[in-house]
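Letter by letter, the chains look like this.
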Amino acid sequence: MAGGEVTDRLRSLWEQYAPRYDHDTGFYDLFLLGDSRSWACSQASGQVLEVAIGTGRNLPFCRRGIQLAGIDFSSL
């Protein structure tokens, strides 16, 4: 498979999973990660690039005043 075909296949798989992502991740946040998401996001300052920003689960935990840019593989 050529690089573009692999990328298209991976994007298709991820977009199929994307609607369930928040539900599944909520389980991990609750039972495994605890408050680590809020702690990690509170450490950010200045200009921040969030790679794989997804549905924005980290946004409520970001400090005021940061300059945040986000990218994601999925178009959803």
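1. Looking at the overall build of the protein
Line of reasoning, step 1. Tallying secondary structure elements over the protein gives 2 helices and 2 strands in all.
Line of reasoning, step 2. Secondary structure of the protein in N-to-C order comes out as α-α-β-β.
Line of reasoning, step 3. In terms of overall dimensions, the protein is more spread out than a globule: its C-alpha atoms have a radius of gyration of 15 Å, far above the 11 Å expected for 76 residues.
Line of reasoning, step 4. Viewed in the frame of its principal axes, the protein has a C-alpha envelope of about 40 × 30 × 15 Å.
Line of reasoning, step 5. By the burial criterion, 16% of the 76 residues in the protein qualify as buried.
Line of reasoning, step 6. Taking contacts inside the protein between residues at least 6 apart in sequence as the whole, the part at least 24 apart equals 32%.
Line of reasoning, step 7. Here the protein has roughly 5,700 Å² of accessible surface; of this, 58% comes from carbon and sulfur atoms.
Line of reasoning, step 8. If the 7 positive side-chain charges of the protein are averaged to one point and the 9 negative ones to another, these points end up 5 Å apart.

2. Points about a nonpolar patch on the surface
Line of reasoning, step 1. Taken together, Phe27, Tyr28, Leu30, Phe31, Leu32 and Leu33 make up a surface patch of nonpolar side chains, about 680 Å² in accessible area.
Line of reasoning, step 2. A relative accessible area of 43% means that Tyr28 is categorised as partly exposed.

3. Structural notes on the confidence of the model for the protein
Line of reasoning, step 1. Overall, the predicted model of the protein reaches an average pLDDT of 87, with 95% of residues at or above 70.
Line of reasoning, step 2. Ranking the elements of the protein by mean pLDDT puts helix H1 (residues 3–33) last with 85 and strand S1 (residues 47–51) first with 96.

4. Observations concerning the environment of Leu10
Line of reasoning, step 1. Here Leu10 is to be found in helix H1.
Line of reasoning, step 2. Residue Leu10 is classed as partly exposed on the basis of its relative accessible area of 47%.
Line of reasoning, step 3. Separated by 63 residues in sequence, Leu10 and Phe73 have C-alpha atoms that sit 9.0 Å apart.

5. Quick look at the side chain of Arg37
Line of reasoning, step 1. When you line up the elements, Arg37 lands in helix H2 (residues 36–42).
Line of reasoning, step 2. By relative accessible area, Arg37 is classed as buried at 16%.
Line of reasoning, step 3. Leaving out residues up to four positions away in the same chain, Arg37 has contacts with Thr25, Asp29, Arg57, Asn58 and Phe61.

What counts and how
- Residues numbered from 1 in each chain as written.
- Predicted model: local features only at pLDDT ≥ 70, side-chain atom pairs only at ≥ 80, totals over all residues.
- Heavy atoms only, no water.
- Helix = DSSP H or I, 4+ residues; strand = E, 2+ residues; numbered from the N terminus.
- Rg over C-alpha atoms; globule rule 2.2 N^0.38 Å.
- Buried < 20%, exposed > 50% of the residue type's maximum accessible area, 1.4 Å probe, protein only.
- Contact = heavy atoms within 4.5 Å.
- Areas by Shrake-Rupley, 256 points an atom, 1.4 Å probe, with all protein chains shown as cover.
- Lys, Arg positive; Asp, Glu negative; His and termini not counted.
- Charge placed at Lys NZ, Arg CZ, Asp CG, Glu CD.
- Patch = residues over 30% accessible without salt bridge, like charges linked within 9 Å, V, L, I, M, F, W, Y side chains within 5 Å.
- Salt bridge = Lys/Arg side-chain N within 4 Å of Asp/Glu carboxyl O.
- pLDDT = per-residue confidence, 0-100.

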